[in-house]
Number of protein chains: 2
Amino acid sequence: MVKQVRAARTRQSLIRAAAEVFAADGYALASLPAISRRAGVSAGALHFHFANKEALATEVESAATDSVEKLAERCRDVAGTSLQSLMRMMSGLLLAVADDPVIRAGFKLSGDPSRKSDAAILAWWHDCVRDLVLQAQRAGELADDVSPDEATTAIVAATVGIEVIAAMDDGWPPAERLAQFWSFILPRLAAFPESALMAMAEETQPQGSIQ
Amino acid sequence: MVKQVRAARTRQSLIRAAAEVFAADGYALASLPAISRRAGVSAGALHFHFANKEALATEVESAATDSVEKLAERCRDVAGTSLQSLMRMMSGLLLAVADDPVIRAGFKLSGDPSRKSDAAILAWWHDCVRDLVLQAQRAGELADDVSPDEATTAIVAATVGIEVIAAMDDGWPPAERLAQFWSFILPRLAAFPESALMAMAEETQPQGSIQ
């Protein structure tokens, strides 16, 4: 039993260390020795848990997907409108990408040109946004002439863009850019822009985000 | 003289071959032998022109920046409103990323996690968008309550997002997504949404784009 606990801990350390190395160096340059060193385990222990780098990357992606799914659930559980849930989720996701190396690595691995991936985490995010936009429409929260598909495209593209640019450019603080984005689109998107903008001020404040 | 012409041609072939390899494999996995093979030149000829992979990458980024600057000039020279120029430029840019390996590699190298880059092509694109948005505002083409900074953030983030997702996901045709994005934001952005939407139908059609 003690052995199993220790093995599970080693596995978790390896996933976290791999995420940190993938996020910093990209998939192609990430080396297994660097990962086992960072996890504080031997090369043998790494190979006992993971056959190769691809197995580690797959595991990191799956851990990232689990984390963002839990984050999304927490955002939906808080009271408020569907648009509020959507804003809260986008803020929480951008914050998580900045703070959590596993989630950051999950997104990076999805789009890493040196590795073929099925971009599962991106497909999940697209579905999440579409569901909440449709829910907002059913609840009468969207302006009459808004197409849910068009709104989904704009929101998904902007989130990914803000995240990608923030990773490349220090002069692009993601929380601030996200607030600018919402402040620009809410008068178009929402049936009641005034109250949506007031809710936004709360939802996009870093301290108001879901950890 | 003949020798100089031949040297210039070899250099161009190497830049193009490098762009194709960088765009397909990413910076870290791109190998110099693969690049010289694809250019149809010897390893010695490659090293005569470029000291190392980083020198090639810098040259590809600079060739990409030249190309997008020329593209932007052509888009601005066509008659029409500033908003039309902006839409034409975004369509032209997305088309160029899909069709021209040098431009595609330029953007990819900017954001490649295995290589530190100053993201110059992205900064250029941001300035381009902001200039046209401000020009549109001065010409009375923007709705009164639109903040140029907020609109710029939304447009830059969405362009980058559409491009990044299109590279990862075949089910995300960039021209179509771009049309959805404009159709969503023009009623918010433009002082005269009806005519802007009519102009958009022209500017975002692939055949209407600038080659």
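Thresholds applied
- Residues numbered from 1 in each chain as written.
- Chains lettered and ligands numbered in written order.
- Predicted model: local features only at pLDDT ≥ 70, side-chain atom pairs only at ≥ 80, totals over all residues.
- Heavy atoms only, no water.
- Helix = DSSP H or I, 4+ residues; strand = E, 2+ residues; numbered from the N terminus.
- Buried < 20%, exposed > 50% of the residue type's maximum accessible area, 1.4 Å probe, protein only.
- Contact = heavy atoms within 4.5 Å.
- Areas by Shrake-Rupley, 256 points an atom, 1.4 Å probe, with all protein chains shown as cover.
- Lys, Arg positive; Asp, Glu negative; His and termini not counted.
- Charge placed at Lys NZ, Arg CZ, Asp CG, Glu CD.
- Least-squares fit on C-alpha atoms with pLDDT ≥ 70 in both.
- Salt bridge = Lys/Arg side-chain N within 4 Å of Asp/Glu carboxyl O.
- Polar contact = N/O pair within 3.5 Å; in protein donor to acceptor, adjacent residues only side chain to side chain.
- Nonpolar A, V, L, I, M, F, W, Y, C, P; charged D, E, K, R; others polar.
- Core = buried A, V, L, I, M, F, W, Y, C linked by side-chain atoms within 4.5 Å.
- pLDDT = per-residue confidence, 0-100.
- Phe/Tyr/Trp six-rings, centres within 6.5 Å; stacked < 30°, edge-to-face > 60°.
- Lys NZ or Arg CZ within 6 Å of the ring centre and 35° of its normal.
- Axes fitted to C-alpha atoms, helices over the stretch in contact; angles between N-to-C directions.
- Parallel < 35°, antiparallel > 145°, perpendicular 65-115°, else oblique.
- Left-handed = near helix turned anticlockwise from the far one by under 90°.
- UniProt positions renumbered as here; feature names shortened; annotations may be inferred.

Participant: Hey, could you run me through the overall build of chain A in this one?
Facilitator: Helix and strand counts for chain A stand at 10 helices and zero strands. Listing each helix as α and each strand as β along chain A from the N terminus yields α-α-α-α-α-α-α-α-α-α. In terms of principal-axis extent, the alpha carbons of chain A reach across some 60 × 40 × 30 Å. Expressed as a percentage of its 211 residues, the buried residues of chain A come to 53%. For chain A, restricting intrachain contacts to residue pairs at least 6 apart in sequence, the fraction spanning at least 24 positions comes to 66%. When the accessible area of chain A is evaluated, it comes to approximately 9,400 Å², of which 52% is carbon and sulfur surface. Each charge class in chain A can be summarised by its mean position, and for the 20 positive and 27 negative side chains these summaries are 11 Å apart.

Participant: I'm lost on the relation of the copies chain B and chain A in this one. Help?
Facilitator: With an axial shift of 0.0 Å and an RMSD of 0.0 Å, the rotation relating chain B to chain A amounts to 180°. The two molecules are tied by a two-fold rotation axis, judged by turn and shift. Here 100% of the interface residues in chain B have copies in chain A that are interface residues too; the copies meet face to matching face.

Participant: What exactly am I supposed to notice about the environment of A:D169 here?
Facilitator: Residue and element names in this part refer to chain A. Counting through the fold element by element, D169 comes out in the loop between α8 (148–168) and α9 (174–189). Residue classification places D169 among the partly exposed residues on the basis of a relative accessible area of 30%. When the C-alpha positions of D169 and A120 are compared, they lie 25 Å apart, and in sequence the two are 49 residues distant.

Participant: Explain the interface of chain B and chain A to me, please; I cannot follow it from the model alone.
Facilitator: How big an interface is tends to be reported as the loss of accessible area on association of its parts. Opposite the 40 residues of chain B that make contact, chain A presents 40 residues. Summed over the shared surface of chain B and chain A, the result is zero salt bridges. At the surface where chain B touches chain A, the tally comes to eight residue pairs in polar contact (both at pLDDT 80 or more). Residue assignment for the side of chain B that touches chain A shows that the elements contributing at least two residues are α1 (2–29), α6 (101–111), α7 (120–138), α8 (148–168) and α9 (174–189) of chain B. Here the element with the most residues in the side of chain B that touches chain A is α8(B); it accounts for 14 residues. Residue classes in the side of chain B that touches chain A are distributed as 23 nonpolar, nine polar and eight charged.

Participant: Help me understand the environment of B:L197, please; the structure alone is not making it clear to me.
Facilitator: Residue and element names in this part refer to chain B. Considering the arrangement of structural elements, one finds L197 in helix α10 (residues 193–203). It is 43 Å that separates the C-alpha atoms of L197 and A28, two residues lying 169 residues apart in sequence. Other than its neighbours up to four places away in sequence, L197 contacts S183 and L186.

Participant: Would you mind going over the side chain of A:R177 with me for this structure?
Facilitator: In this structure, A:R177 sits in helix α9. No salt bridge is formed by the buried A:R177; its nearest oppositely charged neighbour, A:E176, is found at 5.2 Å.

Participant: Just checking my understanding: could you explain the nonpolar core for this structure?
Facilitator: The nonpolar side chains of soluble globular proteins are, as a tendency, buried together. Of all hydrophobic cores here, the largest spans 142 residues; its most connected members are A:F22, A:W182, A:L189, B:F22, B:W182 and B:L189. The leading source of residues in this core is α8(A), at 10 residues. Excluding residues that lie within four positions of it along the chain, A:F22 makes contacts with A:Y27, A:A30, A:I35, A:K53, A:L56, A:A57, A:V60, A:A105 and A:L109.

Participant: What should I look at first to understand the confidence of the model for chain A in this one?
Facilitator: Segments scoring low in pLDDT should not have their predicted coordinates read at a detailed level. Residues and elements named next belong to chain A. For chain A, mean pLDDT is 88; residues scoring 70 or higher make up 93% of the total. Per-element averaging of pLDDT across chain A places helix α10 (residues 193–203) at the bottom with 83 and helix α2 (residues 32–39) at the top with 95. In the model, residues 207–211 has pLDDT below 50 throughout and makes 13 contacts with residues more than four positions away in sequence or in other chains.

Participant: Just checking my understanding: could you explain the packing of aromatic side chains for this structure?
Facilitator: Two aromatic rings are characterised by how far apart their centres lie and by the angle between their planes. All names here are of chain B. Summed over all chains, the structure comprises six aromatic pairs over all chains. For the ring pair W124 and W125, a centre distance of 6.1 Å and an interplane angle of 35° mean the geometry is tilted. Accessibility assignment for this pair places W124 and W125 in one class, buried. If you follow K53 out to its NZ or CZ, it ends over the ring of Y27, 4.8 Å from the centre. Residue placement shows R177 over the ring face of W172; its charged tip is 4.1 Å from the ring centre.

Participant: What's the story with the packing of helix α4 (residues 53–77) of chain B against α7(B) in this structure? I'm lost.
Facilitator: Geometry of a packed helix pair, given as the angle between the helix axes and the separation of the axes. Residues and elements named next belong to chain B. Between α4 and α7, the shortest axis-to-axis distance is 10 Å and the interhelical angle comes to 15°. It follows from the interaxial angle that α4 and α7 lie roughly parallel. Handedness of the α4/α7 crossing: right-handed. Residues A64, T65, V68, E69, A72 and R76 of α4 pack against I121, W124, C128 and L132 of α7. Residues that form the contact of α4 with α7 fall into these classes: seven nonpolar, one polar and two charged.

Participant: Any chance you could explain the side chain of A:T152 here in plain terms?
Facilitator: Residue and element names in this part refer to chain A. Here T152 is to be found in helix α8. Separated by 2.8 Å, the side chain of T152 and the backbone oxygen of P148 make a polar contact. Among all residues touching T152, those that are not within four sequence positions of it are H126, V129, R130 and V133.

Participant: Sorry if this is basic, but what is going on with the UniProt feature "DNA-binding region" (unreviewed entry) in chain A here?
Facilitator: The feature "DNA-binding region" (unreviewed entry), as given by UniProt, occupies residues 31–50 of chain A in the numbering adopted here. In residues 31–50 of chain A, the share of helix is 75% and the share of strand is 0%. The end C-alpha atoms are 13 Å apart.

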